[in-house]
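What follows is each chain in one-letter form.
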Amino acid sequence: MSHINNQTKDLYSIEFVQDLDEEASATISGGLLFLFDKPNPQGDQAVLASSAPNLESFNNKASSYRITGNKNWYVYTGKNYTGTRYFLKAGTTGRFTGNANNNIESASFAY
Ligand SMILES: [Ca+2]
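In this numbering scheme, every chain counts its residues from 1 along its sequence in written order. In keeping with the model being predicted, local features are shown solely for residues with a pLDDT of at least 70 and side-chain atom pairs are shown and tallied solely at 80 or more, while totals for entire chains, interfaces and linings include all residues. Water and hydrogen atoms were dropped before computing side-chain values, which therefore reflect all heavy atoms in the structure.

Asks: Residues and numbers for the environment of Thr92, please.
Replies: As for its placement among the helices and strands, Thr92 is situated in the loop between β5 (82-88) and β6 (93-95). With a 1.4 Å probe rolled over the protein chains alone, any residue whose accessible area is under 20% of its type maximum counts as buried; one over 50% counts as exposed, and the rest are partly exposed. Owing to a relative accessible area of 24%, Thr92 belongs among the partly exposed residues under this scheme. Taking C-alpha positions, Thr92 is 5.6 Å from Ile67, a pair spaced 25 residues apart along the chain. Counted as a polar contact is a pair of N or O atoms within 3.5 Å, where, for protein atoms, one must be capable of donating a hydrogen and the other of accepting one, and residues adjacent in sequence contribute only when both atoms are in side chains. Among the polar contacts listed, one links the side chain of Thr92 to the side chain of Tyr65, at a separation of 3.4 Å. Counting from the N terminus, the helices are DSSP H or I runs at least four residues long and the strands are E runs at least two residues long.

Asks: Which residues make up the pattern of salt bridges, and what are the values?
Replies: Salt bridge, as applied in this entry: a Lys or Arg side-chain nitrogen positioned within 4 Å of an Asp or Glu carboxyl oxygen. Under the defined criterion, the tally for this structure stands at two salt bridges. For Lys79, the salt bridge identified is with Glu105, shortest N-O distance 3.4 Å. Of this pair, Lys79 sits in the loop between β4 (72-78) and β5 while Glu105 sits in the loop between β6 and β7 (106-110), and the two are 26 residues apart along the sequence.

Asks: Give a description of the coordination of the calcium ion that names residues and reports values.
Replies: Looking at the calcium ion, one finds its protein donor set to be Asp37 (O), Asp37 (OD), Lys61 (O), Ser63 (OG) and Asn102 (OD1), positioned 2.3 to 2.5 Å from the metal centre. Keep in mind that water is not among the atoms, so a site may look incomplete; donors are the N, O and S atoms within 2.8 Å of the metal, or 3.2 Å for Na, K and Ca. Taken in sequence order, the residues that donate to the calcium ion follow the motif D-x23-K-x1-S-x38-N. Here the residue Lys61 occupies a position in the loop between β2 (42-48) and β3 (64-69), and Asn102 occupies one in the loop between β6 and β7, the gap between them amounting to 41 residues. Assessed through its relative accessible area of 22%, Lys61 is described here as partly exposed.

Shown next, in the form of structure tokens:
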């Protein structure tokens, strides 16, 4: 369906920074949030350099995360920073379990 494909392209063109190595990206942006479909972390991934009110094609997929750089993040089970909020500490890698697993739809910096 073309609408879904367009959403995927938009997300990746704005947020996906695979052409930059992680250290350079973190230096530029102050920190990146990597979201992974699988828990290890591996599988499909989305890379966020700034707050995202809607993960589009990655909604309800994230099962693990990794944060580079020195910014903390929040992730939310609803779009537009609604629902249950989870705090993710800078520099950490972890799994989403229970209600958080396959349930994340937005993310923002946490100050
Ligand atoms: Ca998943």
